[in-house]
Amino acid sequence: MRRPRAALAALAVLAVVACNPDDVVHHVGWFATMRHQRSFKPYSRNLAPVPGTVPVTGVAPTADLKSADRLTNSRTRTSESLNRGKFVYETYCLVCHGEAGKGDGPIASGPTGGFFPAVRSLVTDQLAKQSDGYIYGVIVNAQAMGRGLMPHYGDKVRGTDRWDLVNYVRTLQAQARSGGGR
Ligand code: HEC
């Protein structure tokens, strides 16, 4: 009756030693090479983020009056971009700036008799000469661009929608120049 007991004790010891397979497995040569490889351990090296990366906190590159002109438009004026820009414009901007961008939207004060004061036309020569970055800056944060009477849209219009909107404003300006626009 001695033997089974000794075997049981040996098993118990083995169970305690072997309870973490990770501690045991790397004693076997072949597994050790997997553990001690030349890869980077998690968090052991900070990699520089890919250019244009937006932090997960959602703070996209913001603009102010000085840096806005240096922002580059990341969206070419394809029909896809313009269609998207038109949709975003009609969703957020038309109420004030009007269908053709003349500053005569349904809620703008002036001819239409709305209540919102000081709405500007988007199809002036003066604005046409401003950079894409300037218009982008007004969309993101009008206050920072010296256009404090316009509400804040940086939290509503996000990502590439902002540049698509800039592209669409350019289209409205071109239409106004060619005598189009309703
Ligand atoms: C609730 C009304 C309102 C809405 C909606 C609105 N704006 Fe404006 N916008 C204004 C007012 C008012 C100004 C003039 C602000 C000032 O001079 O302080 C302005 C100014 C601007 C300017 C600057 C024009 C210049 O001559 O410098 C741009 C560009 C512009 N808006 C674009 C947009 C775009 C794009 C949208 C849609 C996201 C939009 N706005 C939505 C009221 C509005």
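Residues numbered from 1 in each chain as written. Predicted model: local features only at pLDDT ≥ 70, side-chain atom pairs only at ≥ 80, totals over all residues. Heavy atoms only, no water.

Draft legend 1. Just a nonpolar patch on the surface, in detail. Together, Val25, Val28, Trp30, Phe31 and Met34 line one region of the surface with nonpolar side chains, adding up to about 500 Å² of accessible area. A per-element tally of the nonpolar patch places helix 3 (residues 29-35) first, with three residues. For Val28, the position within the fold is in the loop between helix 2 (21-25) and helix 3. (Patch = residues over 30% accessible without salt bridge, like charges linked within 9 Å, V, L, I, M, F, W, Y side chains within 5 Å. Areas by Shrake-Rupley, 256 points an atom, 1.4 Å probe, with all protein chains shown as cover. Salt bridge = Lys/Arg side-chain N within 4 Å of Asp/Glu carboxyl O. Helix = DSSP H or I, 4+ residues; strand = E, 2+ residues; numbered from the N terminus.)

Draft legend 2. Geometry of the packing of helix 6 (residues 132-141) against helix 7 (residues 161-177). Running from N to C, helix 6 and helix 7 point in directions that differ by 120 degrees, and their axes come no closer than 9 Å. Classed by the angle they form, the pair helix 6 and helix 7 counts as oblique. When you trace helix 6 past helix 7, the crossing you get is right-handed. Contacts from Asp132, Gly133, Ile135, Tyr136, Ile139 and Val140 of helix 6 reach helix 7 at Arg162, Trp163, Leu165, Val166, Val169, Arg170 and Gln173. Grouping the constituent residues of the contact of helix 6 with helix 7 by class yields eight nonpolar, two polar and three charged. (Axes fitted to C-alpha atoms, helices over the stretch in contact; angles between N-to-C directions. Parallel < 35°, antiparallel > 145°, perpendicular 65-115°, else oblique. Left-handed = near helix turned anticlockwise from the far one by under 90°. Contact = heavy atoms within 4.5 Å. Nonpolar A, V, L, I, M, F, W, Y, C, P; charged D, E, K, R; others polar.)

Draft legend 3. Broad picture of the site of the ligand. Inspection of the region around the ligand gives 22 residues, with Cys93, Cys96, His97, Tyr134 and Met150 positioned closest. Note that an oxygen atom of the ligand is positioned 2.6 Å from one of the side-chain N or O atoms of Tyr134. Take Leu149: an N or O atom from its main chain is 3.0 Å from an oxygen atom of the ligand. A majority-of-atoms criterion places the ligand in the largest pocket. (Near = heavy atom within 4 Å. Polar contact = N/O pair within 3.5 Å; in protein donor to acceptor, adjacent residues only side chain to side chain. 1 Å grid on protein atoms, 1.4 Å probe; cavity = no way out; pocket = protein on both sides within 12 Å on 5 of 7 lines; lining within 4 Å. Sits in = over half its atoms within 2 Å of the grid points.)

Draft legend 4. Here's a closer look at the coordination of the iron atom of the ligand. The iron atom of the ligand binds to the protein through His97 (NE2) and Met150 (SD); the donor distances cover 2.0 to 2.1 Å. Around the iron atom of the ligand, the six donor atoms sit at angles spanning 86 to 179 degrees, and that spread fits a shape best called octahedral. Remark: Met150 occurs in the loop between helix 6 and helix 7 and His97 occurs in helix 4 (residues 79-97); sequence separation between them is 53 residues. Among the residues examined, His97 registers a relative accessible area of 12% and is labelled buried. Of the residues examined, Met150 reaches a relative accessible area of 22% and is grouped as partly exposed. (Donors = N, O, S within 2.8 Å, 3.2 Å for Na, K, Ca; no water. Tetrahedral: all angles 85-135°; square planar, octahedral: opposite > 155°, others 65-115°. Buried < 20%, exposed > 50% of the residue type's maximum accessible area, 1.4 Å probe, protein only.)

Draft legend 5. Representation of the layout of surface pockets within the structure. Taken as a whole, the largest pocket holds about 580 Å³ of empty space. Around the largest pocket, the lining comprises 29 residues; the ones closest to its centre are His97, Arg120, Leu122, Val138 and Met150. Within the residue set of the lining of the largest pocket, elements represented by two or more residues are helix 4, helix 5 (125-129), helix 6 and helix 7. In terms of residue count, the dominant contributor to the lining of the largest pocket is helix 4 (five residues). When grouped by side-chain class, the residues that make up the lining of the largest pocket number 21 nonpolar, six polar and two charged. (Points joined across faces, edges and corners; volume = space filled by probe spheres on them.)

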